[in-house]
Amino acid sequence: MRHETRFCTSRDGVGLAYAIEGAGPPLVKAGNWMTHLDYERESPVWRHWVRELSRGHTLVRYDERGCGLSDRELPGMPTSDTYLDDLSAVVDAAGLERFALLGLSGGGPTAIRYAVRHPERVTHVVLYGSYVRGRFRRDRQNTEQSRVLIELMRVGWGGAVPAFRQVFSALYIPSAGEEQRPWYDELQQVSSSGETAATLWLSRTRIDVTDDARRMTRPALVLHARHDRAVPYDEGRRLASLLPDARFVTLETDNHVLQETEPAWEVFLAEMRRFLGDGDPGEAPAPAAAGLAELSDREREVLELVAAGLSNEAIAARLVLSTRTVERHLSNVYAKLRLSGKSARAAAAARFSRA
């Protein structure tokens, strides 16, 4: 996969690092809290995002100021205008004329503001796990929780007691596997300092792009995890209701950062690709499969019940498993059979039936 790392300068002189991956119509990911361009390409928490977002697209992503390969020193508290200037600097440096925008979490308000100010340059806007109101603009509970988390960053970030950092992995990837959690903890340490992390978090607590959202004319796809602990589900619905031309999709997960093995990730990819006009990769002919021989006994047992027409809930009851465990077994089956997209379940069942 094509990969380049480049550098540019924002309006106030802060240096920003951005990466270009893949080939095809450009897709720009607005900066969000705590990133590291190089680390994300290796991390099991984020590498599937980089890989799949650059499949059929030229993906442009950047480390926001204070993080990763961008300048670590902050000249002051960033504002909504600061983040808008940083996004503008990156797309201009990359030489992009028209592109789709992706706003994840705190990158969503920046994507919305850019699309309102430069509608002639933006084709589509995809917003995942995002919001129009920062935490201090919601209610007292959100405000108090945010203040506690800010203090945790300042006293425990990157320290010897991992319990401090694990508070954030419990918020952002509560259902991730044992492999992902240590990587997420380490990302916090390599991406920035605790004081900078707290400053960047605080800078977004007072953001309110409600008026901008009402004025955005570009078509939008809004996706949100039903049980998101980092950004409440109702904030995602509020965002979609304000946009004049938006479709809202609920993802059945509690992970704020979607993980590769969960069904919600496949739904996210299918919806985004359809919205961007990429078609459904699940309908394409599957490459040579490793074959059913790679499946474990339990995976074959689950697949046999899928072929018999049972739902995930019925399979869980039959095998005395949780529904989430059944979903994870099926994700492993799809990966081993080289299947993806919304048609993966039917294709896997058909392959088993022919065996």
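To be clear, the structure that these remarks concern was listed above.
Residues numbered from 1 in each chain as written. Predicted model: local features only at pLDDT ≥ 70, side-chain atom pairs only at ≥ 80, totals over all residues. Heavy atoms only, no water.

### Side note on the pattern of salt bridges
What counts, and what does not: When a carboxyl oxygen of Asp or Glu is within 4 Å of a side-chain nitrogen of Lys or Arg, the pair counts as a salt bridge. Only DSSP runs of H or I with at least four residues qualify as helices, and only runs of E with at least two residues qualify as strands; both kinds are numbered from the N terminus onward. Burial classification: accessible surface area is computed with a 1.4 Å probe over protein chains only, and a residue below 20% of its type maximum counts as buried, one above 50% as exposed, and the rest as partly exposed.
For the structure on display, the rule yields 29 salt bridges. Of the charged contacts, one joins D12 and R65 as a salt bridge, the two residues approaching to 2.8 Å between their closest N and O atoms. Of the two residues, D12 sits in the loop between β1 (3-9) and β2 (15-21) while R65 sits in the loop between β4 (58-62) and α3 (80-93), which places them 53 residues apart along the sequence. Residue D12 is classed as partly exposed on the basis of its relative accessible area of 44%.

### Quick notes on the environment of S203
For clarity, the cut-off: Contacts are assigned to residue pairs with any non-hydrogen atoms lying within 4.5 Å of each other. Under this definition, polar contacts are N or O atom pairs within 3.5 Å; protein pairs additionally need one hydrogen-donor-capable and one acceptor-capable atom, and for neighbouring residues in sequence, both atoms have to be side-chain atoms.
Within the fold, S203 resides in helix α8 (residues 194-205). As for S203 and P78, which are separated by 125 residues in sequence, their C-alpha atoms are 5.9 Å apart. The residues touching S203, leaving out its near neighbours within four places in the chain, are M77, P78 and Y83. Separated by 2.6 Å, the side chains of S203 and Y83 make a polar contact.

### Brief notes about helix α5 (residues 140-156)
To be explicit about the condition: Any helix carries an expected span of 1.5 Å times its number of residues minus one.
The first and last C-alpha atoms of α5 sit 24 Å apart over 17 residues, in line with the 24 Å expected at 1.5 Å per residue. Along α5, the positions that sit buried rather than exposed are N142, T143, S146, L149, I150, L152, M153 and G156. At its buried positions, α5 is contacted by α6 (162-172) and α8. For α5, the N-terminal capping position is held by D139, with its side-chain oxygen 3.2 Å away from the main-chain nitrogen of Q141.

### Side note on the pairing of strand β7 (residues 220-225)
Definition in use: Strands are labelled as partners when DSSP assigns at least two bridges between them. With the strands pointing away from the viewer, any crossover whose connection runs clockwise from the first strand over the helix to the second is right-handed.
For β7, the buried fraction is high: six of the six residues fall into the buried class. Of the two faces of β7, both are covered, the one formed by A220, V222 and H224 as well as the one formed by L221, L223 and A225. Where strand β6 (residues 122-128) meets β7, four bridges bridge the pair, whose relative direction is parallel. Bridge pairing in β7 places L127 opposite V222. Of the pairings in the sheet, the one linking β7 to strand β8 (residues 246-251) comprises six bridges and is parallel in character. By the bridge assignment for β8, L221 is matched with R247. Note that the unit made of β7, helix α10 (residues 233-242) and β8 has a crossover that is right-handed.

### Section: the side chain of T196
Within the secondary structure, T196 sits in helix α8. In this structure T196 touches G66, R72 and L74, once residues within four positions along its chain are discounted.

### A short note on empty space enclosed by the protein
Definition in use: Throughout, the protein atoms alone are placed on a 1 Å grid, and a set of points is a cavity if a 1.4 Å probe fits but cannot get out or a pocket if it is open with protein on both sides within 12 Å along at least five of seven lines; lining residues have an atom within 4 Å of a point. Grid points are joined across faces, edges and corners, and a volume is the space filled by probe spheres set on the points. For this classification, Asp, Glu, Lys and Arg are treated as charged, while Ala, Val, Leu, Ile, Met, Phe, Trp, Tyr, Cys and Pro are nonpolar and the rest, including Gly, are polar.
A complete count under the given rule lists three cavities of 30 Å³ or more for this structure. Reported here for the largest cavity is a volume of approximately 300 Å³. Residue lining of the largest cavity: 23 residues in total, with N32, W33, S105, Y172 and H256 positioned closest to the centre. Sorting the residues of the lining of the largest cavity by element identifies α7 (180-191) and α8 as the ones contributing at least two each. If you tally residues by element for the lining of the largest cavity, the top one is α7, at four residues. In terms of residue class, the lining of the largest cavity is built from 15 nonpolar, six polar and two charged. In terms of lining residues, the second largest cavity is bounded by K29, E40, W46, W49, V50, L53, L59, R61 and L104. Elements that contribute at least two residues to the lining of the second largest cavity include exactly α2 (47-53) and β4. A per-element tally of the lining of the second largest cavity places α2 first, with three residues.

### Points about the nonpolar core
A general trend in soluble globular proteins is that nonpolar side chains are found buried together. The condition is simple: Throughout this description, the term nonpolar core refers to a set of buried Ala, Val, Leu, Ile, Met, Phe, Trp, Tyr and Cys residues connected via side-chain atoms within 4.5 Å.
Among the nonpolar cores identified, the biggest contains 48 residues, and W33, W49, Y128, M153 and F268 are the most heavily contacted of them. At six residues, the largest contribution of residues to this core is made by helix α11 (residues 263-276). The contacts of W49, once residues within four sequence positions are left out, are L104, Y128, V257, L258, W265 and F268.

All we've got here are geometric facts, nothing functional implied.
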